[in-house]
Amino acid sequence: MSPSTVTPNKLNLQAHPVDEVGIRERVARLATRSIKKASKVEGLKLALSMVDLTTLEGADTPGKVRQLCTKAIHLHSGRKDLPMVAAVCVYPTMVRIARKALEGTPIQVAAVATAFPSGMNPLAVKLEDTRYAVAEGAHEIDMVISRGDFLRGDYGRVADEIEQVKEACGKAHLKVILETGELGTLDRVRLASDIAMQSGADFIKTSTGKIQPAATPEVVLVMLLAISDFYRKTGKKIGMKPAGGIANAKAALNLLIMVREVLGPAWLTPSLFRIGASKLPNDMLMQLEKERTGVYQGPDYYSND
Amino acid sequence: MTDSKISSKGSDWGYAPAPESADHFKLKEQYGLFLGGKFVPAGSGKRFATINPANEKTLAQVADAGEKDVDRAVKAARLAYDKVWRKMSGRERGKYLYRIARIIQERARELAVVESMDGGKPIRESRDVDIPLAAAHFFYHAGWADKLGYAFPGKSVGPIGVAGQIIPWNFPLLMVAWKVAPALACGNTVVLKPAETTPLTALLFAEICQEAGLPDGVFNCITGAGSTGAALVRHPGLDKVAFTGSTDVGKAIQKSLAGKATKLTLELGGKAANIIFEDAAIDQAVEGIINGIFFNQGHVCCAGSRLLVQESVEEEVVEKLKARMEHLMWGIRWIRIPTLGRLTQKHSASGFRTISKWDKRREPNFFRRSALFRIRVIGFDQVSLPKWLNPTGSCRRRSSVRCWRFRASEP
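This one's a predicted model, so the numbers in the text were calculated from it and none came from an experiment.

Participant: Outline the overall build of chain A, supporting the account with residue identities and numerical values.
Facilitator: Assigned secondary structure in chain A consists of eleven helices and eight strands. By the compact-globule yardstick of 19 Å for 305 residues, chain A fits well, its C-alpha radius of gyration being 19 Å. Across its three principal axes, chain A shows a C-alpha extent of roughly 60 × 45 × 30 Å. Here the analysis covers contacts within chain A between residues at least 6 apart in sequence; of these, 75% occur between residues at least 24 apart.

Participant: Which residues make up the overall build of chain B, and what are the values?
Facilitator: Counting its regular elements, chain B contains 13 helices and 14 strands. Counting all 411 residues of chain B, 45% fall into the buried class. Within chain B, counting contacts between residues at least 6 apart in sequence, those at least 24 apart form 77% of the total.

Participant: Which residues make up the sheet that holds strand β5 (residues 173-177) of chain A, and what values do they have?
Facilitator: Residues and elements named next belong to chain A. Spatially, β7-β6-β5-β4-β3-β2-β1-β8 is the arrangement adopted by the eight strands of the open sheet, whose pairing is parallel. Looking at the sheet topology across the chains shown, the edges are occupied by β7 (239-241) and β8 (275-277). Neighbouring strand axes in the sheet, compared pairwise and without regard to direction, differ in orientation by 25 degrees on average. Where strand β4 (residues 140-144) and β5 come together, five bridges link them in parallel fashion. The residue bridging D142 from the neighbouring strand is K175, located in β5.

Participant: Break down the interface of chain A and chain B for me, with residues and values.
Facilitator: Contact residues are listed per partner, giving 34 residues for chain A and 26 residues for chain B. Every element with two or more residues in the side of chain A that touches chain B is listed here: α1 (20-30), α2 (37-48) and α10 (249-262) of chain A. Here the side of chain A that touches chain B gets six residues from one element, more than from any other, and that element is α2(A). Class assignment of the residues belonging to the side of chain A that touches chain B gives a composition of 16 nonpolar, nine polar and nine charged.

Participant: Now, about helix α1 (residues 67-85) of chain B: what can you tell me, with residues and values included?
Facilitator: Residues and elements named next belong to chain B. In this model α1 runs 25 Å from its N-terminal to its C-terminal C-alpha over 19 residues, within 8% of the 27 Å that 1.5 Å per residue would give. Taken as a whole, α1 has its buried residues at D69, V70, A73, V74, A76, A77, A80, Y81 and W85. Buried residues in α1, looked at end-on, bunch into an arc of 155 degrees, giving them a common side. Along α1, exposed side chains directed more than 90 degrees from the buried face belong to K68 and K83.

Participant: Describe the packing of helix α3 (residues 108-119) of chain B against helix α4 (residues 123-145) of chain B, with residues and values.
Facilitator: Residue and element names in this part refer to chain B. Their axes nearest at 9 Å, the elements α3 and α4 cross at an angle of 125 degrees. The angle between the axes of α3 and α4 places the two elements in the oblique class. As α3 packs across α4, the resulting crossing turns out to be right-handed. Residues A108, L111, A112, V113, E115 and S116 of α3 form the contact with α4, whose own contacting residues are I123, S126, R127, D130, I131 and P132. The residue makeup of the contact of α3 with α4, split by class, is seven nonpolar, two polar and three charged.

Participant: Could you give an account of the sheet that holds strand β4 (residues 47-52) of chain B, with specific residues and numbers?
Facilitator: The three strands lie next to each other as β1-β5-β4 (chain B), forming an open sheet whose pairing is mixed. The open sheet has two edge strands with one neighbour each: β1 (30-31) and β4 of chain B.

Participant: Any details on the packing of helix α9 (residues 217-234) of chain A against α10(A)? Residues and values, ideally.
Facilitator: How two helices sit against one another is set out by the angle between their axes and by the gap between those axes. Residue and element names in this part refer to chain A. The geometry of α9 relative to α10 is characterised by a closest axis approach of 10 Å and an angle of 25 degrees between their N-to-C directions. The pairing of α9 with α10 is recorded here as roughly parallel in orientation. Note that α9 runs across α10; the crossing there is right-handed. Note on element contacts: α10 touches α9 through N254, L255, M258, V259 and V262, opposite P217, V220, L221, L224, L225 and S228. Among the residues forming the contact of α9 with α10, the class breakdown is nine nonpolar, two polar and no charged.

Participant: I'd love a proper account of the nonpolar core, names of residues and values included.
Facilitator: Counting 117 residues, the largest nonpolar core has A:V88, A:A98, A:V176, A:L224 and A:V259 as the members making the most contacts within it. Not counting chain neighbours up to four residues away, the residues in contact with A:V259 comprise A:L224, A:M240, A:W267, A:L268 and A:F273. Counting residues in each nonpolar core, the second largest holds 78 residues, with B:A101, B:A181, B:A195 and B:F205 among its members.

Participant: Residues and numbers for the pairing of β4(A), please.
Facilitator: Residue and element names in this part refer to chain A. Within β4, five of the five residues are buried, which leaves the element mostly enclosed by the surrounding structure. Going residue by residue along β4, you find E140, D142 and V144 tucked away on one face and I141 and M143 tucked away on the opposite face as well. Of the strand pairs in this sheet, strand β3 (residues 108-112) and β4 are connected by three bridges, and their pairing is parallel. The residue of β4 that forms the bridge with A110 is E140.

Participant: For the pairing of β3(A), give the residues involved together with the corresponding values.
Facilitator: Residue and element names in this part refer to chain A. In terms of residue burial, β3 counts as a mostly covered element, since five of its five residues are buried. Covered by surrounding structure in β3 are Q108, A110 and V112 together with V109 and A111, the residues of both alternating faces. Pairing of strand β2 (residues 87-90) with β3 involves four bridges; the strand directions are parallel. Each bridged residue has a counterpart across the sheet, and for V88 the counterpart in β3 is V109. Viewed along the sheet, the connection from β2 through helix α4 (residues 95-101) into β3 turns out right-handed. Handedness of the crossover joining β3 and β4 through helix α5 (residues 123-136): right-handed.

Participant: Can you lay out the confidence of the model for chain A for me, pointing to particular residues and giving the numbers?
Facilitator: The predicted model of chain A has a mean per-residue pLDDT of 94, with 97% of residues at 70 or higher. Across residues 1-7 of chain A the pLDDT falls below 50, and counting only partners more than four positions away or on other chains, this stretch makes 13 contacts in the model.

Participant: Please set out unusual backbone geometry residue by residue, giving values where relevant.
Facilitator: Residues and elements named next belong to chain A. The peptide bond linking F116 to P117 adopts the cis configuration, its omega dihedral lying at 0 degrees. Following the sequence through the fold, P117 ends up in the loop between β3 and α5. Across the junction of Q212 and P213, the peptide omega takes the value -5 degrees, indicating a cis bond. In this structure, P213 sits in the loop between β6 (203-205) and α9. The phi dihedral of K37 falls on the positive side, at around 45 degrees, and the residue is not glycine. One can find K37 in helix α2. Looking at K37, the number of C-beta atoms within 10 Å reads 13, which means it is partly exposed. Of note, E179 is a non-glycine position whose phi angle comes to about 50 degrees, a positive value. Mapping E179 onto the fold places it in the loop between β5 and α8 (186-198). Taking the C-beta count within 10 Å as the criterion, E179 has 24 such neighbours and is therefore assigned buried.

Participant: So what's going on with the environment of A:K166? Which residues, and what values?
Facilitator: All names here are of chain A. By secondary structure assignment, the location of K166 is in helix α7 (residues 155-169). By C-beta crowding, K166 is classed as buried, having 20 other C-beta atoms within 10 Å. The spatial distance from the C-alpha of K166 to the C-alpha of L127 is 9.3 Å, given a sequence separation of 39 residues. With near-sequence residues (within four places) excluded, K166 lies in contact with L174 and G200.

Participant: Run through the confidence of the model for chain B, naming residues and quoting values.
Facilitator: All names here are of chain B. On average, chain B scores 83 in pLDDT, and the residues at 70 or more come to 78%. Here residues 1-6 is modelled with pLDDT under 50, and outside its nearest four sequence neighbours on either side it reaches 14 contacts, counting other chains as well. With pTM at 0.88, the complex prediction returns an ipTM value of 0.89.

About the criteria used
- Residues numbered from 1 in each chain as written.
- Chains lettered and ligands numbered in written order.
- Predicted model: local features only at pLDDT ≥ 70, side-chain atom pairs only at ≥ 80, totals over all residues.
- Helix = DSSP H or I, 4+ residues; strand = E, 2+ residues; numbered from the N terminus.
- Rg over C-alpha atoms; globule rule 2.2 N^0.38 Å.
- Contact = placed C-beta atoms within 7 Å.
- Buried ≥ 20, exposed ≤ 12 C-beta atoms within 10 Å, placed from the backbone.
- Pairing = 2+ DSSP bridges.
- Axes fitted to C-alpha atoms, helices over the stretch in contact; angles between N-to-C directions.
- Nonpolar A, V, L, I, M, F, W, Y, C, P; charged D, E, K, R; others polar.
- Expected span 1.5 Å × (residues − 1).
- Arc of directions from axis to C-beta.
- Parallel < 35°, antiparallel > 145°, perpendicular 65-115°, else oblique.
- Left-handed = near helix turned anticlockwise from the far one by under 90°.
- Core = buried A, V, L, I, M, F, W, Y, C linked by C-beta atoms within 7 Å.
- Right-handed = clockwise from strand over helix to strand, strands pointing away.
- pLDDT = per-residue confidence, 0-100.

Encoded structure:
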């Protein structure tokens, strides 16, 4: 493992204590906004355009990835008014296949890298992992931070790794996964967010989807507040990607509300807000079909991938 | 950037209107005084209008009680006290209070909408705070009625007599509950004077007392302005006066009762402070400031109208407070989502405005929210509310200035 080249002192790790009770209250309040009819349809379409449609299974095959890419382009047959999703998120070995399947569309290909999901590999391997995914054609890299290093207090090493992965990304966008379910407290979520943003993250992302809890609204709110502070201090807009555990359309709309009220409308775009999900889009489609036809259809009417 | 192909323009996505219906009840065109268990017109025949402050339309005509009406009310209360209520066992009194609490719950939706129409507060607050709390107070004090005899060993607990109660317009029905429930639980009878700007829920409460079969004269309600209140306070038949409202009126009441045997309770205003140190969770502290000062449009006796911030985080706190104020939602009448409603009274609005102007002339450190509806409500874009006061703040004030020392609205 290469020695840590960034000392904690080089980071500006100001204490930003987070009050959990206050966060929960704000989350509860924001969940009571009135979203229905036109507002709901508009919100769901917006949310669909922000989805990173994801498959990250050991059982992924080229055929499955191609199928997912088709879904990314045509979310629901017979509806021409739906947007395409923002990106398809796959393992590095599937990047080339996804790129080919998505040729001619604006849909981005994101690859998880850096020994996803645990990150428990030497830095050299992680960097190689990243370079490979970029060389295969990934537009975006979703990296994981070393939670072990973070939890034992070696923030310098965490920051150093992010910087080096960022360099290895070249022109590819870097999303930094904090895996908040393993960080334990909202204070640590905030600290990890600050480290990631200062080290060159284009996006910060809650979770791998392999650990529960994942993208809880409390965690998302804390990360959005961190992005807001970072923007206030540096003028740089960092993106946000909740991923994992977003159960249904209502939860997705609540995320949009949070973005709308914490960061403002400028962040309501796929270039600054993404939702990582595999099953979620079907619930959003069901809600949209319900608004269109007045009745709910069974889940069998929607493709799994 | 590689994502140049996808849209990087933000979206103006907004919320849906959530209007609360007012079709499920009908207000009467006029309300009389509630004396001895019946609604009767004022002796003088005089009436005044109570308006919806959000659109200034008249909601109902209300009787204007004069000195003679006050006298009738106090006599009715005295009769009920002597003949019925003081003799009744606590257990029996408790039953009536339980009934009242249950009827408040049954009619909660109606009461919430009327409260918002008459007082201008957002329906979210009247529905989730005022009305449920009012019912809870009656339940709570119903439980006290039969336990008073055991609660204070060695002391005998008994009623005082007839209580004259004067309440303000910031929490109309909740104030009724705070004043009336404990008084009745202990065996006192009541003459209540609600604020002239928000009398409707107190009058609906009188209907509820009828519905609950409360013995005639135990609760009496006289409506009118300051002169009615003054006549009530002066009445020699009272054993107790309870007042919630402005400091000036409180002082006047104290003067008029000086040297008399009448007991007095005053609940007057304050100028409460939020104190923020540098190690605070600033974002959540800002939420605390917002809830402290903008709850019920700031019409709260303990509203946090002063902010003391450690110098090292002053800039951050003020900047975040301004940003948060931009997101305050603000809506007419009984739309469900807003945080802010309309100021209840003209005079409190003008009080705020005076301070705003006063500040603007002299100081640069003054800020207010820039626009009314910053968050788009889909299908509701045309709302313009020129008469409503924007949330306002001012920083780096010297401690001698008026806005630092005096409340912008009373109570």
